[in-house]
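Understanding the architecture of this molecule
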Amino acid sequence: MGLLSNYKTGWFILVEIPRHKVFISYYHADDQYYKNKLLELNKYYNIFDDYSVHEDEIDDTGMTNELIRCEIRDKYIAGATVLILLCGKNTKNRKHIDWELHAAMYDSNSNPKMGILVINLPSIENNSEMRAFGFDEQKAMGAYINWQPASRDLRDIQNDHPYLADRIVKNLIRENVVISIANWNNIIGKTETIKLLIDNAFKRRNTNIYDYSAPLKGRNS
């Protein structure tokens with residue numbers, strides 16, 4: 001159950017937050033531990049439906065960008081409605097992360113675009129800001145944080161999120177895109193908070209007008 005509230009009037013209503021089909025995007029070599037912990041939590045508390053069924057990286061030898069796009073969205077993460085990006089020190093440098101983010105933003109005939117939620121991992125938490133939209137998210141991520149309006153300025157975003165994938169950064173400057181960013185240590189023990197953030201990402205998937213025009217990353221850096 002979740003808590004729906006109106007902070008101006010003070011009323012509270014218990015509501016059921018639905019589960020959604022989630023694909024977890026992460027860098028296997030660095031951050032497998034955090035994916036495992038998230039799935040372990042999910043096993044006991046039924047937070048989401050896990051659609052992260054593929055562990056092997058795609059062999060893109062001889063594949064065009066269009067073939068990669070179709071392989072990722074219609075086979076690799078088919079059916080998922082929310083992508084959770086586990087963001088560590090080397091996440092932004094991995095081409096498969098970029099491909100998965102592109103697929104999440106892309107409308108294919110069989111699999112529409114997805115909502116996106118970013119979770120800063122402990123390796124970068126001290127150097128990356130959180131972004132919460134709405135009182136419910138602010139309260140869930142940190143009730144005592146002095147929240148400021150999220151900047152849409154590119155330089156501010158790059159300074160606040162030095163480890164964030166370029167494809168996400170490019171979308172955070174857009175007024176018609178909302179992507180929340182939480183810290184692992186702020187939410188990992190709070191199952192209702194995780195469900196709320198996933199549900200909000202799901203609800204935003206249709207209204208987010210993503211810019212996915214940048215070429216697919218051709219190699220790891």
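The following paragraphs examine the structure supplied in this document. (Residues numbered from 1 in each chain as written. Predicted model: local features only at pLDDT ≥ 70, side-chain atom pairs only at ≥ 80, totals over all residues. Heavy atoms only, no water.)

1. Here's the deal with the packing of helix 2 (residues 65–76) against helix 3 (residues 95–105)
- Running from amino to carboxyl end, helix 2 crosses helix 3 at an angle of 70°, the nearest separation of the two axes being 9 Å. Put simply, helix 2 runs roughly perpendicular to helix 3. Residues Ile68, Arg69, Ile72, Arg73 and Tyr76 of helix 2 touch helix 3, and the partners they reach there are Trp99, Glu100, His102 and Ala103.
- Broken down by class, the residue content of the contact of helix 2 with helix 3 amounts to five nonpolar, one polar and three charged. (Axes fitted to C-alpha atoms, helices over the stretch in contact; angles between N-to-C directions. Helix = DSSP H or I, 4+ residues; strand = E, 2+ residues; numbered from the N terminus. Parallel < 35°, antiparallel > 145°, perpendicular 65-115°, else oblique. Contact = heavy atoms within 4.5 Å. Nonpolar A, V, L, I, M, F, W, Y, C, P; charged D, E, K, R; others polar.)

2. Here's the deal with helix 3
- Burial runs high along helix 3: 11 of the 11 residues are buried.
- Within helix 3, burial applies to Lys95, His96, Ile97, Asp98, Trp99, Glu100, Leu101, His102, Ala103, Ala104 and Met105.
- Buried positions along helix 3 lie against strand 3 (21–25), helix 2, strand 5 (82–87), strand 6 (115–120) and helix 6 (166–172). (Buried < 20%, exposed > 50% of the residue type's maximum accessible area, 1.4 Å probe, protein only.)

3. Some points on the sheet that holds strand 6
- Taken together, five strands build an open sheet; the order of strands is 4-3-5-6-7 and the sheet is parallel. Two strands close off the open sheet at either side, each with one partner strand: strand 4 (49–50) and strand 7 (180–183).
- In this sheet, strand 7 lies alongside strand 6 in parallel orientation, the contact comprising four bridges. Bridging from a neighbouring strand, Asn120 pairs with Asn183 of strand 7.
- The strands touched by helix 8 (residues 191–204) within the sheet are strand 3, strand 5, strand 6 and strand 7, with strand 6 carrying the most contacts at an inclination of about 145°. (Pairing = 2+ DSSP bridges.)

4. A word on the nonpolar core
- Ranked by size, the top nonpolar core spans 30 residues in total, and within it Leu83, Leu85, Ile116, Val118, Leu164, Ile168 and Ile179 carry the most contacts.
- The element that contributes the greatest number of residues to this core is helix 3, accounting for six residues.
- When residues no more than four places from it in sequence are discounted, the contact partners of Leu164 are Leu85, Cys87, Lys92, Val118, Val169, Leu172 and Ile181.
- Val22, Ile47, Ile194 and Leu197 belong to the second largest nonpolar core, which has 25 residues in total. (Core = buried A, V, L, I, M, F, W, Y, C linked by side-chain atoms within 4.5 Å.)

5. Examining the packing of helix 4 (residues 135–142) against helix 8
- Two elements in contact, helix 4 and helix 8, have axes whose closest approach is 10 Å; the angle formed by their N-to-C orientations is 150°. The pairing of helix 4 with helix 8 is recorded here as roughly antiparallel in orientation. As helix 4 runs across helix 8, the sense of the crossing is left-handed. Every residue of helix 8 that contacts helix 4 at Asp136, Glu137, Ala140 and Met141 is listed here: Thr193, Leu196, Leu197, Asn200 and Arg204. (Left-handed = near helix turned anticlockwise from the far one by under 90°.)

6. Overview of the layout of surface pockets
- When its volume is computed, the second largest pocket comes out at roughly 270 Å³.
- Surrounding the second largest pocket, 16 residues form its lining, Glu129, Met130, Arg131, Trp147 and Gln148 being those nearest its centre. (1 Å grid on protein atoms, 1.4 Å probe; cavity = no way out; pocket = protein on both sides within 12 Å on 5 of 7 lines; lining within 4 Å. Points joined across faces, edges and corners; volume = space filled by probe spheres on them.)

7. Concerning the packing of aromatic side chains
- Applying the stated criterion to the full structure yields three aromatic pairs.
- A ring pair is formed by Tyr33 and Tyr34, whose centres lie 5.0 Å apart and whose planes are at 85°; its orientation type is edge-to-face.
- Aromatic pair Tyr34 and Trp184: ring centres 5.0 Å apart, planes at 80°, arrangement edge-to-face. Note that Tyr34 is positioned in helix 1 (residues 28–45) and Trp184 in helix 7 (residues 184–187), a separation of 150 residues in sequence. (Phe/Tyr/Trp six-rings, centres within 6.5 Å; stacked < 30°, edge-to-face > 60°.)

8. What to know about the pairing of strand 5
- Of all six residues that make up strand 5, six are buried, and the element is covered over most of its length.
- The alternating pattern of strand 5 places Val82, Ile84 and Leu86 on one face and Leu83, Leu85 and Cys87 on the opposite face, and all of these are buried.
- Pairing of strand 3 with strand 5 involves four bridges; the strand directions are parallel. When the bridges of strand 5 are listed, Ile24 appears paired with Ile84.
- Two strands pair when backbone bridges link them, and strand 5 and strand 6 are joined in this way by six bridges, in the parallel orientation. Bridged to Cys87 within strand 6 is Asn120.
- Once you follow strand 5 into helix 3 and on to strand 6, the crossover reads as right-handed. (Right-handed = clockwise from strand over helix to strand, strands pointing away.)

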